[in-house]
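This is what each chain is made of:
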Amino acid sequence: MTIVYILAAVLVFGVLIAVHELGHFLAAKACGVRVNEFSIGMGPEVWSREVGETQYSLRVLPIGGFCAMEGEEDDSDDERSLSRQGFWKQFIIFAAGAFMNFLTGFLLLVLLYSTAQGFRVPEIAGVAPEFQTVNGTVLEEGDVFWSINGERVYLYSDVDLLMSLSRGQSLDLVVLRDGEKVFLNGLKWSDFTDMEGESYRGYGIYRTSGVEEATVGTRLKYAWLNTIDYVRVVRLSLKMLVTGQASVEDVGGPVEIVHSMVEIGETSANTREAVESILNFAALIAVNLAVMNLLPIPALDGGHILFLAVDAVSMALFRKKVPGKYAAAINTAGFVVLMGFMLLITVKDVFQIFR
């Protein structure tokens, strides 16, 4: 079954990249930009057909695709070239790929939740006997977690995640009590007694889960909340990299993604669980691609959007744009650095997996 999961993982990853390029393609067509070629797959061409002004092609490697727009890489005199479009049209085209990845992640979660019977609601089951003495405040049974240290609790699983990030530090908690927000600030990390009477170190809060009935509305709501939650996972991961709480060793590339999907499939109890787990992981990767592509880094869509903003400011102040050669040079340098980083990550992943 391993080879099946490897092929499934490669296919999923390729589809997510192709969907990204489809976003650029659809936005370019909608904005009147000439698209010279739209390809599904990479490498040698196995089929192509020219329809109107665009060549559509299938290529042998199912690992992505591309949307070649007029004036994207070089200057063009064509009035319908990308470089000759206004700010908002270019912005929409550059952002459309990330939007499609985000939408794909959301739709995958809608699909996964379509058979859900109910959703877990993170509630307070009670507190340790020492809680009020230590904190001078009260939590009541049935209170619902709303936020932890300013981070919204979207899902039941968020409580463990956000508390683990705050471990050892004081906790600012907001709960819903009878529909009203109750603020409890500075809850202490201390020695408490758990529900079995054993001593442990933590926040002294006992948790349970209520159940919200699954309807069409709640399924869509929780699919949306889970999508937003995945955005936060990416944001928190980037924050940990910047602050040194995580290192490059913790970053995974395409090889690690495929390896993780294979592990998910092989450790699942049955085929249905494997499919659901892989689709859930694919939703996370789709949202991850959306967020990462919007970072203001040269060669990424976010870098192109940054240059658009710089040009807009330059036009407002000096009545002229920044010469295109500078943007091209920076994007080229950014691409080289990005590819070098991806190569480093790939070598690291291969070494860790096969050592």
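Residues numbered from 1 in each chain as written. Predicted model: local features only at pLDDT ≥ 70, side-chain atom pairs only at ≥ 80, totals over all residues. Heavy atoms only, no water.

A.B. asks: I'd like a rundown of the overall build of the chain, residues and numbers included.
C.D. replies: For the chain, the helix and strand inventory stands at nine helices and 10 strands. Overall size of the chain, expressed as C-alpha extent along the three principal axes, is 75 × 60 × 45 Å. Counting the 355 residues in the chain, one finds 38% classified as buried. Across the chain, contacts joining residues at least 24 apart in sequence account for 62% of those joining residues at least 6 apart. Here the chain has roughly 19500 Å² of accessible surface; of this, 61% comes from carbon and sulfur atoms. If the 27 positive side-chain charges of the chain are averaged to one point and the 41 negative ones to another, these points end up 6 Å apart. (Helix = DSSP H or I, 4+ residues; strand = E, 2+ residues; numbered from the N terminus. Buried < 20%, exposed > 50% of the residue type's maximum accessible area, 1.4 Å probe, protein only. Contact = heavy atoms within 4.5 Å. Areas by Shrake-Rupley, 256 points an atom, 1.4 Å probe, with all protein chains shown as cover. Lys, Arg positive; Asp, Glu negative; His and termini not counted. Charge placed at Lys NZ, Arg CZ, Asp CG, Glu CD.)

A.B. asks: Summarise the packing of helix α2 (residues 87–113) against helix α5 (residues 216–243); cite the residues concerned and give the values.
C.D. replies: Orientation of α2 relative to α5, taken along the N-to-C sense of each, is 135°, at an axis distance of 9 Å. On the basis of their axis angle, the class for α2 and α5 is oblique. Between α2 and α5 lies a crossing of right-handed hand. Across the interface between the two elements, Phe102, Gly105, Phe106, Leu109, Val110 and Tyr113 of α2 pack against Arg219, Leu220, Tyr222, Ala223, Trp224, Asn226, Thr227, Ile228, Tyr230 and Val231 of α5. For the contact of α2 with α5, a count of residues per class yields 12 nonpolar, three polar and one charged. (Axes fitted to C-alpha atoms, helices over the stretch in contact; angles between N-to-C directions. Parallel < 35°, antiparallel > 145°, perpendicular 65-115°, else oblique. Left-handed = near helix turned anticlockwise from the far one by under 90°. Nonpolar A, V, L, I, M, F, W, Y, C, P; charged D, E, K, R; others polar.)

A.B. asks: I'd like a rundown of α5, residues and numbers included.
C.D. replies: With 28 residues, α5 extends 41 Å between its outermost C-alpha atoms, agreeing within 8% with the 40 Å of an ideal straight helix rising 1.5 Å per residue. Taken together, the buried positions of α5 are Thr218, Tyr222, Ala223, Leu225, Asn226, Thr227, Asp229, Tyr230, Arg232, Val234 and Leu236. Buried residues along α5 sit in contact with α2, β3 (118–127), β5 (151–152), α4 (158–165), β10 (205–213) and α7 (271–293). Following α5 by one or two positions, Gly244 adopts a phi angle in the positive range, close to 85°. (Expected span 1.5 Å × (residues − 1).)

A.B. asks: Requested: an account of the side chain of Glu151, with residues and values cited.
C.D. replies: By secondary structure assignment, the location of Glu151 is in strand β5. Of note is the side chain of Glu151, whose polar atom sits 3.4 Å from the side chain of Arg232. (Polar contact = N/O pair within 3.5 Å; in protein donor to acceptor, adjacent residues only side chain to side chain.)

A.B. asks: Would you mind going over the pattern of salt bridges in detail, with residue names and values included?
C.D. replies: For side chains bearing opposite charge, pairing can occur when the charged atoms are close. With the rule as written, the count across this model stands at 18 salt bridges. A salt bridge links Arg59 to Glu37, with the nearest nitrogen and oxygen atoms 2.7 Å apart. With Arg59 in strand β2 (residues 54–69) and Glu37 in strand β1 (residues 35–51), this residue pair connects regions lying 22 residues apart in the sequence. Each of the salt bridges in this network shares a partner with another, and the network as a whole consists of Lys29, Arg34, Glu53, Asp78 and Arg80. (Salt bridge = Lys/Arg side-chain N within 4 Å of Asp/Glu carboxyl O.)

A.B. asks: Summarise the packing of aromatic side chains; cite the residues concerned and give the values.
C.D. replies: This structure, assessed with the given rule, holds 10 aromatic pairs. With a centroid separation of 5.0 Å and an interplanar angle of 90°, the aromatic rings of Phe87 and Trp88 are classed as edge-to-face. In this structure Trp88 comes out as exposed when scored by relative accessible area, which is 59%. Pairing Phe119 with Tyr222 gives two aromatic rings, centres 4.4 Å apart and planes at 5°, and the pair type is stacked. (Phe/Tyr/Trp six-rings, centres within 6.5 Å; stacked < 30°, edge-to-face > 60°.)

A.B. asks: Lay out the pairing of strand β6 (residues 171–177) in plain terms, naming residues and giving numbers.
C.D. replies: Of all seven residues in β6, five are buried; the element is thus mostly enclosed. As paired strands, strand β4 (residues 144–148) and β6 are joined by four bridges and run antiparallel to one another. What sits directly across from Val144, in β6, is Leu176. Summarising the sheet, β6 and strand β7 (residues 180–187) pair through six bridges and their orientation is antiparallel. By the bridge assignment, Leu171 is partnered in β7 with Leu187. The antiparallel pairing of β6 with β7 creates a hairpin that spans two residues between the two strands, and Asp178 there sits at a positive phi of about 55°. (Pairing = 2+ DSSP bridges.)

A.B. asks: Describe the state of the cysteines, listing the residues and the values that go with them.
C.D. replies: If you walk through the whole model with that rule in mind, you get zero disulfides. Take Cys31: it sits in no disulfide, and the sulfur closest to it among the cysteines is that of Cys67, at 12 Å. Residue classification places Cys31 among the buried positions, given a relative accessible area of 13%. Judged by its relative accessible area of 5%, Cys67 is buried. (Disulfide = S-S within 2.5 Å.)

A.B. asks: Provide a residue-level description of a nonpolar patch on the surface, including the pertinent values.
C.D. replies: Together, Ile40, Val46, Trp47, Leu58, Val60, Leu61 and Ile63 give the surface a local cluster of nonpolar side chains, amounting to about 600 Å² of exposed area. Breaking the nonpolar patch down by element, the ones donating at least two residues are β1 and β2. Here the nonpolar patch takes four residues from β2, the largest share from any one element. Inspection of the secondary structure assignment puts Val46 in strand β1. On the accessibility criterion, Val46 (57% relative accessible area) is exposed. (Patch = residues over 30% accessible without salt bridge, like charges linked within 9 Å, V, L, I, M, F, W, Y side chains within 5 Å.)

A.B. asks: Quick rundown of the nonpolar core? Include the residues and the values.
C.D. replies: Membership of the largest hydrophobic core comes to 32 residues, with the highest contact counts inside it found for Leu109, Phe119, Tyr222, Ile257, Met261 and Ile285. For this core, the secondary-structure elements that each account for two or more residues are α1 (2–30), α2, β3, α5, α6 (254–266) and α7. For this core, the element with the most residues is α7, which contributes eight residues. Setting aside residues no more than four positions away along its own chain, Met261 makes contact with Ala9, Val12, Ile278, Phe281 and Ala282. In this structure, Ile124, Val153, Met163 and Tyr206 belong to the second largest nonpolar core, which totals 19 residues. (Core = buried A, V, L, I, M, F, W, Y, C linked by side-chain atoms within 4.5 Å.)

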